[in-house]
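A closer look at the structure
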Amino acid sequence: MLERIQAKIEAYLEEVGSPQVLRMAQNLGMGKMLRSRLILTICAKHPKLVDFCAIIEMIQTASLLHDDVIDHAATRRGHESLNHAFGNTNAIMLGDIFYSKAFCALADFAKPIIEVVAQSVVALSRGEIKDTQMAQGFNPSQDFYIDMVADKSAALIVASSGGAALLAGLDFKKYAAFGHNFGIAFQIIDDLLDITQPKEVLGKPAFSDFKEGKSTLPYILLHQRLSPAEQGILRGYFKSPKEEAKLWCSEKFKEHNIIQATLQEAKAYTNQALEAIRGENNQALEAMALRVLERQF
């Protein structure tokens, strides 16, 4: 089924009528296709199932293309990022094409599905603005971080799980709540992997989030546990490329058991996701939620 989704995306892009667009798109990897896997686990059969998955994947790809430009990224999933290979302008415009083709295809769906997907893109963009704001200085607020993640990372997962429920005739609110909590847990683990996995696994240097100006949850939890003097040291290392910043943070993570504390936060959101679909008897979806906590990359 995932191959059919990729083929559908290629068909949408061929409609653009641009060899350059197709050439650039060939440099993009589809990744784990997490959102499509969620959709297929919730809705096993529907005439427009492949189309819906393709729409969600195109929106996800567009958001990543724009994200890499904003972050001045040179790599994506261990390979040269498209903005680095073809320039920021081409990356932005290719992202716009993915967005536009996704919404053209979305027009064939019922209004409730159109609305949930469209609102997710609004939330995603709002979250990107919050993330940019957070990069201006160290953010010690866990609430603000969660609010940003709910928009930037979880919103499209909400559209995926909630939209799949609508296609399957299931309770939208239950599956939207599942997606919200699942998405937050997924991002927390993503943040955790940045400080626990090597470059060879991550496809980028370890400890790169903090250096790039991201106040992720491990650093926020660490800040909560430090003395005022050490809080000042942590804030001073924000965006620092120095090796001493990485070593200091690594030592403090161990001293204050931050990895376990971060994992507990992710578990709490996973439990809320599972609670949202209690009684739905979807063991495969429950297993997906639990596997988030076991991610290594």
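Calculation criteria
- Counting restarts for each chain, with residues numbered from 1 along the sequence as it is written.
- At least 70 in pLDDT is required for a residue's local features to be given in this predicted model, at least 80 for side-chain atom pairs to be given and counted, and no such filter applies to totals for whole chains, interfaces and linings, which use all residues.
- Side-chain metrics in this entry use all non-hydrogen atoms of the structure; hydrogen atoms and water are not considered.
- Across the chain, each position has a pLDDT score giving the predictor's confidence in that residue, from 0 to 100.
- Segments assigned H or I by DSSP are reported as helices when at least four residues long, segments assigned E as strands when at least two residues long, and all are numbered from the N terminus.
- Here, a salt bridge means any side-chain nitrogen of Lys or Arg that lies within 4 Å of a carboxyl oxygen of Asp or Glu.
- The classification of residues rests on relative accessible area computed with a 1.4 Å probe and restricted to protein chains. Under 20% of the type maximum is buried, over 50% is exposed, and intermediate values are partly exposed.
- A helix's residues, less one, multiplied by 1.5 Å, set its expected span.
- Contacts were defined at the residue level, with two residues in contact if any of their heavy atoms lie within 4.5 Å.
- Pairing of aromatic rings covers Phe, Tyr and Trp, the last through its six-membered ring, and needs centres within 6.5 Å; plane angles under 30 degrees mean stacked, over 60 mean edge-to-face, and all others mean tilted.
- Our definition puts a charge over a ring when NZ of Lys or CZ of Arg is within 6 Å of the ring centre and also within 35 degrees of the ring normal.

Okay, the confidence of the model for the protein chain next. Scored by pLDDT, the protein chain has a mean of 93; 97% of the residues are at 70 or more. Mean pLDDT across the elements of the protein chain ranges from a minimum in helix α10 (residues 199-202), with 56, to a maximum in helix α8 (residues 142-168), with 98.

Let us look at the pattern of salt bridges. Counted under the stated rule, the structure contains 15 salt bridges. The closest approach of N and O atoms between K152 and E128, which form a salt bridge, is 3.6 Å. Of the two residues, K152 sits in helix α8 while E128 sits in helix α7 (residues 111-134), which places them 24 residues apart along the sequence. Using a relative accessible area of 17% as the deciding quantity, one classes K152 as buried. We classify E128 as buried; its relative accessible area is 11%.

Spanning 19 residues, helix α15 (residues 258-276) covers 28 Å between terminal C-alpha atoms, matching the ideal 27 Å at 1.5 Å per step. The complete set of buried residues in α15 reads I258, A261, T262, L263, A266, Y269, T270, A273, L274 and A276. Each element contacted by the buried residues of α15 is listed here: α8, α9 (172-196), α12 (217-225), α14 (243-255) and α16 (283-292).

Our focus in this paragraph is the packing of aromatic side chains. Across all of its chains, the model carries ten aromatic pairs by this definition. Ring geometry for F178 versus F182: centroids 5.5 Å apart, planes at 25°, classification stacked. Taken together, the residues F178 and F182, both in helix α9 and four residues apart, mark about one turn of the helix. Taking relative accessible area as the criterion, F178 reaches 0% and is therefore assigned buried. Ring centres of F182 and F186 lie 6.4 Å apart, and the angle between their planes is 25°; on these two criteria the pair is classed as stacked. Placement of both F182 and F186 in helix α9 is noted, with a separation of four residues, approximately one turn of the helix. This pair shows no difference in class: F182 is buried, exactly as F186 is. Through a chain of ring-to-ring contacts, three or more aromatic side chains come together here, namely F138, F207, F210, Y219, F238 and F253. If you follow K8 out to its NZ or CZ, it ends over the ring of Y12, 5.6 Å from the centre. The lysine or arginine in question, K48, covers the ring of F109, its NZ or CZ lying 5.2 Å from the ring centre.

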